[in-house]
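Chain by chain, the residues run as shown.
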Amino acid sequence: MGRRRGGPNRPGPALPGSSNADDAGRQLVFFGAEAAEPTVADLAGLLAGPGEVVRMGGTARLSVRVDAAWRVHVLVAELALRGLAASWEPTEDERHTVRTSYTRMLKPLAVAWLHGTVKRAPAVFHLTGRRLRLWVAAAGTPEPPGGYLLRLGDGDQDSWDAIGAALAAAGLSGPLLGPDEGGPAYRITGRRRLTRLAELIGRPPPSTPPNTWPPNP
């Protein structure tokens, strides 16, 4: 199956279906997505979700499978902001895989997240606004009537506890839903937590469909 590429400053071609608190808690907004310059380290947010990283020699490649075309455009643009060209291709289950090329820029991320070939969250891991923004862009899903799901990698059980602890440290604690409960995912509920999430990740990208980005109650 042919691979379609988007340049560093341009998302790939249009896809089918795409459309062109307490004081301590409030202080977390200073770590929001719009308060810092994008860096490669932000891509840890993709690995907190369903993203994967693999190594080859002194290089590494990151990939993530997403369920909607708008996510492809957002992620390709976000990767380009960090100097990473990305390609995408449709999958047999009507999803899309976004991946980078192998590059030395991703080696530190792979070293931090891989134990052999198994993905595992670092012992010391925290979630900034930019990391959360990437996680939401890749795998965030609204859950009516008033919740929001941050989806996890199906085979990443060894990371789930550490990721949950990082969410709690960011003021976003929520229950872990197992595969038999519509997960794996962490569920964020409550006005204060949803407001905090919305503040941390910033405004939705232009291509985001209505009612997809976390609401700001």
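Anything mentioned here points back to the structure above.
Residues numbered from 1 in each chain as written. Predicted model: local features only at pLDDT ≥ 70, side-chain atom pairs only at ≥ 80, totals over all residues. Heavy atoms only, no water.

## A word on the overall build of the chain
And then number 1: Helix and strand counts for the chain come out as 7 helices and 11 strands.
And then number 2: Across the 217 residues of the chain, 50% fall into the buried class.
And then number 3: Accessible surface, the chain as shown: approximately 10,700 Å² in total, 52% of it carbon and sulfur. (Helix = DSSP H or I, 4+ residues; strand = E, 2+ residues; numbered from the N terminus. Buried < 20%, exposed > 50% of the residue type's maximum accessible area, 1.4 Å probe, protein only. Areas by Shrake-Rupley, 256 points an atom, 1.4 Å probe, with all protein chains shown as cover.)

## As for the packing of aromatic side chains
And then number 1: In this structure the tally under the stated criterion is 1 aromatic pair.
And then number 2: Between Trp113 and Phe125, the aromatic rings sit 5.2 Å apart at their centres with planes inclined by 85°, giving edge-to-face as the arrangement. Placement of the pair is Trp113 in helix 4 (residues 107–113) and Phe125 in the loop between strand 7 (118–119) and helix 5 (129–139), with a sequence separation of 12 residues. With respect to class, Trp113 is no different from Phe125; both count as buried. (Phe/Tyr/Trp six-rings, centres within 6.5 Å; stacked < 30°, edge-to-face > 60°.)

## Topic: helix 5
And then number 1: Burial analysis of helix 5 places 11 of its 11 residues in the buried class, the great majority of the element.
And then number 2: Buried within helix 5 are the following residues: Gly129, Arg130, Arg131, Leu132, Arg133, Leu134, Trp135, Val136, Ala137, Ala138 and Ala139.

## Considering the layout of surface pockets
And then number 1: The computed volume of the largest pocket comes to approximately 420 Å³.
And then number 2: As for the largest pocket, its lining consists of 21 residues, of which Pro50, Arg65, Arg95, Leu152 and Asp154 are closest to the centre.
And then number 3: Among the secondary structure elements, those contributing two or more residues to the lining of the largest pocket are strand 3 (59–66) and helix 5. (1 Å grid on protein atoms, 1.4 Å probe; cavity = no way out; pocket = protein on both sides within 12 Å on 5 of 7 lines; lining within 4 Å. Points joined across faces, edges and corners; volume = space filled by probe spheres on them.)

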